[in-house]
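So you can see what is in the structure, the chains are spelled out below.
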Amino acid sequence: MTDSIRFLMCAPDHYDVDYVINPWMEGNVHKSSRDRAVEQWEKLYHVLKENAIVDLVPPQKGWPDMVFTANAGLLLGNTFVLSRFYHKERQGEEPYFKEWFEDKGFTVHELPKDLPFEGAGDALLDREGRWLWAGYGFRSELDSHPLLANWLNIEVLSLRLVDERFYHLDTCFCPLSGGYLLYYPAAFDSYSNRLIEMRVAPEKRIAIEEADAANFACNAVNINNIVVMNKVSDSLKTRITNAGFKVIETPMSEFLKAGGACKCLTLRVIEPVQEDRSANVMVESRAIRMEGHLLDAGLISRALDLIVENGGSFQVLNFSLGEQRQSTSTAEVKVSAPSHDVMEDIIALLIDLGAVSPPQELCDAILEPVVQDGVGPDDFYVSTIYPTEVRVNNQWVKAQNQRMDGAVAITETAEGPVATCKLLRDLKVGEKVVVDVVGIRTIRKTESREQRNSQEFSFMSGSVSSERRVELVVEQVAWELRQIRDRGGKVVVTAGPVVIHTGGGEHLAHLIREGYVQALLGGNAIAVHDMEQSNMGTSLGVDMKRGIAVRGGHRHHLKIINTVRRYGSIAKAVEAGLVTNGVMYECVKNNIPFSLAGSIRDDGPLPDTQMDLVKAQEEYTELLRGADMVLMLSSMLHSIGVGNMTPAGVKMVCVDINPAVVTKLSDRGSIESTGVVTDVGLFLSLLVNQLDKLTSRHHVTQSV
Ligand SMILES: NC(=O)c1ccc[n+]([C@@H]2O[C@H](COP(=O)([O-])OP(=O)(O)OC[C@H]3O[C@@H](n4cnc5c(N)ncnc54)[C@H](O)[C@@H]3O)[C@@H](O)[C@H]2O)c1
Ligand SMILES: NC(=[NH2+])NCCC[C@H](N)C(=O)O
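What you are looking at is a predicted structure, and each value in this text was computed from that prediction instead of being measured. (Residues numbered from 1 in each chain as written. Chains lettered and ligands numbered in written order. Predicted model: local features only at pLDDT ≥ 70, side-chain atom pairs only at ≥ 80, totals over all residues. Heavy atoms only, no water.)

### Brief notes about the site of ligand 2
Lining the immediate surroundings of ligand 2 are 17 residues, of which Asn-22, Arg-90, Arg-139, Asp-170 and Ala-258 lie closest. Residue Arg-139 places a side-chain N or O atom 2.7 Å away from an oxygen atom belonging to ligand 2. Here a nitrogen atom of ligand 2 sits 2.9 Å away from a polar atom, N or O, in the side chain of His-168. Starting from 350 Å² of accessible surface for ligand 2 in isolation, the protein chains cover 100%. Looking at the shell around ligand 2 residue by residue, the classes come out as seven nonpolar, six polar and four charged. (Near = heavy atom within 4 Å. Polar contact = N/O pair within 3.5 Å; in protein donor to acceptor, adjacent residues only side chain to side chain. Areas by Shrake-Rupley, 256 points an atom, 1.4 Å probe, with all protein chains shown as cover. Nonpolar A, V, L, I, M, F, W, Y, C, P; charged D, E, K, R; others polar.)

Here it is, written out as structure tokens:
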């Protein structure tokens, strides 16, 4: 028996599965055998007693989970942090554990109300006493970690649990003596896995498979070189043995039904204490403020979900609900994250939802100089599609040229600071760039309930519409196109060769001729196949009238490329009468600017195809400037390129037969984007039909 090692246990007199608070209890209510549970508990008790001292806390009727003393609290030296249980089913255990530790002379700390922390179930000391691993995500709140660090004067490393089955840290993580660690990596998020890998050398990590994890192999009691656990696979047993430990198996089937095993049934009362330790925790907290239709637009729930999904936790500090239909609500939320990097990721996402710092915490954006042309500082703020303002010299400055995936550069001018979204390659020495995520806000339109509902109906709120709804979307797009044309607005079309292959070319040509398109973006192929069709009646060698391949037709597109190259440009080929109809013909005849961006697939290319991709991106950006609507027609490559350049506020309609492409393009979190999963030829023909109907109806109305 090792004198210095001491455990606390609680006899299973009142143990049963009475309720469901974890996935293991599901379907097991009153299904565990009392006799077998007692037998298994006794066996564990005796194994431990042979190797350590075991104290007992009296069991209490009505608190069946009190057997799991690991959850009583957390001890270090003479300090005990009492658990604050997440579920009311276990909260009644707290006073009994408190009394026991106070009686024994421990200094007992209690967490604030509503800040759950489930003791040694969720906090495990490195066996050398160097730091404390603390879990969060299900039962314990991240915000409890700074308190643990202070009370216990130790470094706390926060680990996020992501698999409900492993809801307590000790179900999937077991530090062993000699710096070894037995753990199940899939129970943690990637940030936590990186942290574990940074602190525990590869040869000391014993990562286990799901089958052993599901048998609670990590829920083991380690006493020096002994590891006591539920039954374990032979291969894992060999690995643990090879690391110098002796494995003692003891059955735990009855406790598994409540989601616990060996380690849960014990609380180590004497832990190694390192003298030269100091409090340290990487957890950061910041407050944010949100205003708008927080409840009925679902903004607040989106914000809170986003915090949790990205590894943070939150506390709603105050919430004032707008009382009238038109009035807005405000909320102040404290966000906590396990590190600065995670905090930045979360805040950047919240900024996109319109979150700002509360007035008392407002400060200027942090700027760092560009020290090499075309390279930003490491921590640069990545711009999004949303209109963005940065705070410079206590003033909000609106960023110019809003686009996603850029940096925000600040230049001082005589009129004051100017903020511009810039691609990394365009950054210049002498400029300053916004880093971190403070002093940045995005401007979200606050639509009234009615506006939102009608837009949602008409544009389906960024949703992907099914075939039977195509006609409805076509009606809406036609309506928008006509409105934009009539007020002298700008519609940019991006299109791939499928438009021509599906017979949509004549319809797109019609739209251009009728003034519905103000710029065309595409690649080599749309122009090649459009002119092939105009000149030879085929598209990629397929006869467009009969729908069959023409003998030798595969050469057609090369011939047209060759001829246009001889003329020197598409415009010259049109002027010379080589091309007499179609998409490119209408662009030339109606002075509609177009840009053809090159790609690795291109044949030829056509003389107009811009093979310098930086220049092509610039041409695209230029043609997109001031657009009211972008119609994306069956080109994943060019449509995604365009999506990246287009700020929020521009209506985007993406038509593609592949739902994944449509989802990627229309899922911009902005109300203006709509996806249509359908054949592009069919879409264009319906659209032209609808526009004709609208126009004739317009004429009729006028003449009445
Ligand atoms: N001969 C050539 O020079 C040549 C030929 C082909 C492509 N290219 C070039 O390769 C690049 C990529 O071409 P891309 O944009 O066509 O390819 P892409 O794969 O990026 O996009 C094609 C899209 O069309 C969709 N689609 C297929 N059938 C459809 C239908 N019936 N209705 C609606 N959508 C449909 C697909 O789901 C896909 O998303 C472009 O730059 C293009 O110019 C060159
Ligand atoms: N430290 C542990 N993992 N304890 C297991 C606790 C089991 C108990 N039924 C609960 O859900 O709270």
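### Here we look at the site of ligand 1
Lining the immediate environment of ligand 1, one finds 23 residues, of which Asp-603, Ser-635, Leu-637, His-638 and Asp-656 sit closest. The separation between an oxygen atom of ligand 1 and a polar main-chain atom of Met-636 is 2.9 Å. A distance of 2.8 Å is found between an oxygen atom of ligand 1 and a backbone nitrogen or oxygen belonging to Leu-637. Contact with the protein chains hides 83% of the accessible area of ligand 1, taken as 850 Å² for the molecule alone. Those elements that place two or more of their residues in the shell around ligand 1 are α15 (524–536) and α20 (636–645). Looking at the shell around ligand 1 element by element, the count peaks at three residues for α20. Per-class residue counts for the shell around ligand 1 are eight nonpolar, 10 polar and five charged. (Helix = DSSP H or I, 4+ residues; strand = E, 2+ residues; numbered from the N terminus.)

### Quick look at helix α16 (residues 556–567)
Along its 12 residues, α16 runs 17 Å from first to last C-alpha, staying within 8% of the 16 Å computed at 1.5 Å per residue. Of the surrounding elements, those touching the buried residues of α16 are α15, β30 (538–539) and α17 (570–575). With its phi angle positive at about 105°, Gly-568 sits one or two positions after the end of α16. (Expected span 1.5 Å × (residues − 1). Contact = heavy atoms within 4.5 Å.)

### What to know about the pairing of strand β32 (residues 594–597)
Bridge count for strand β29 (residues 519–523) against β32 is four bridges, and the pairing is parallel. The residue bridging Leu-520 from the neighbouring strand is Phe-594, located in β32. Bridging between β32 and strand β33 (residues 609–610) involves two bridges; their strand directions are parallel. Looking at β33, one finds that Ala-597 is bridged to Gln-610. (Pairing = 2+ DSSP bridges.)

### A closer look at the pairing of strand β25 (residues 432–435)
Bridge analysis of strand β20 (residues 366–369) against β25 gives four bridges, and the strand direction is antiparallel. Within β25, the position partnered with Ile-366 by the bridge is Val-435. Across two bridges, strand β23 (residues 407–413) lies against β25 in antiparallel orientation. Bridge pairing in β25 links Ile-410 to Lys-432.

### Section: the pattern of salt bridges
Within the structure shown, the criterion is met by 29 salt bridges. Put simply, Glu-291 and Arg-289 hold a salt bridge, and the shortest N to O gap is 3.5 Å. The exposure class assigned to Arg-289 is partly exposed, which follows from its relative accessible area of 25%. Salt bridges linked by common partners bring Arg-36, Glu-254 and Lys-257 together as one network. (Salt bridge = Lys/Arg side-chain N within 4 Å of Asp/Glu carboxyl O. Buried < 20%, exposed > 50% of the residue type's maximum accessible area, 1.4 Å probe, protein only.)

### Topic: the environment of Tyr-191
Locating Tyr-191 in the fold gives a position in helix α5 (residues 190–199). Note: C-alpha distance between Tyr-191 and Ser-339 (148 residues apart in sequence) is 9.5 Å. Beyond its immediate chain neighbours, meaning those up to four positions away, Tyr-191 contacts Met-282, Pro-338, Ser-339 and Val-342.

### Let's talk about the nonpolar core
Trp-133, Phe-173, Leu-182, Phe-188, Ile-196, Met-229 and Phe-255 are the most contacted members of the largest nonpolar core, which totals 71 residues. Broken down by element, the residue count for this core peaks at six residues, all from helix α1 (residues 34–49). The next biggest cluster of nonpolar side chains, apart from the first, holds 50 residues, and it includes Tyr-516, Val-517, Val-653 and Phe-683. (Core = buried A, V, L, I, M, F, W, Y, C linked by side-chain atoms within 4.5 Å.)

Don't take any of this as a statement about function, it's just geometry.
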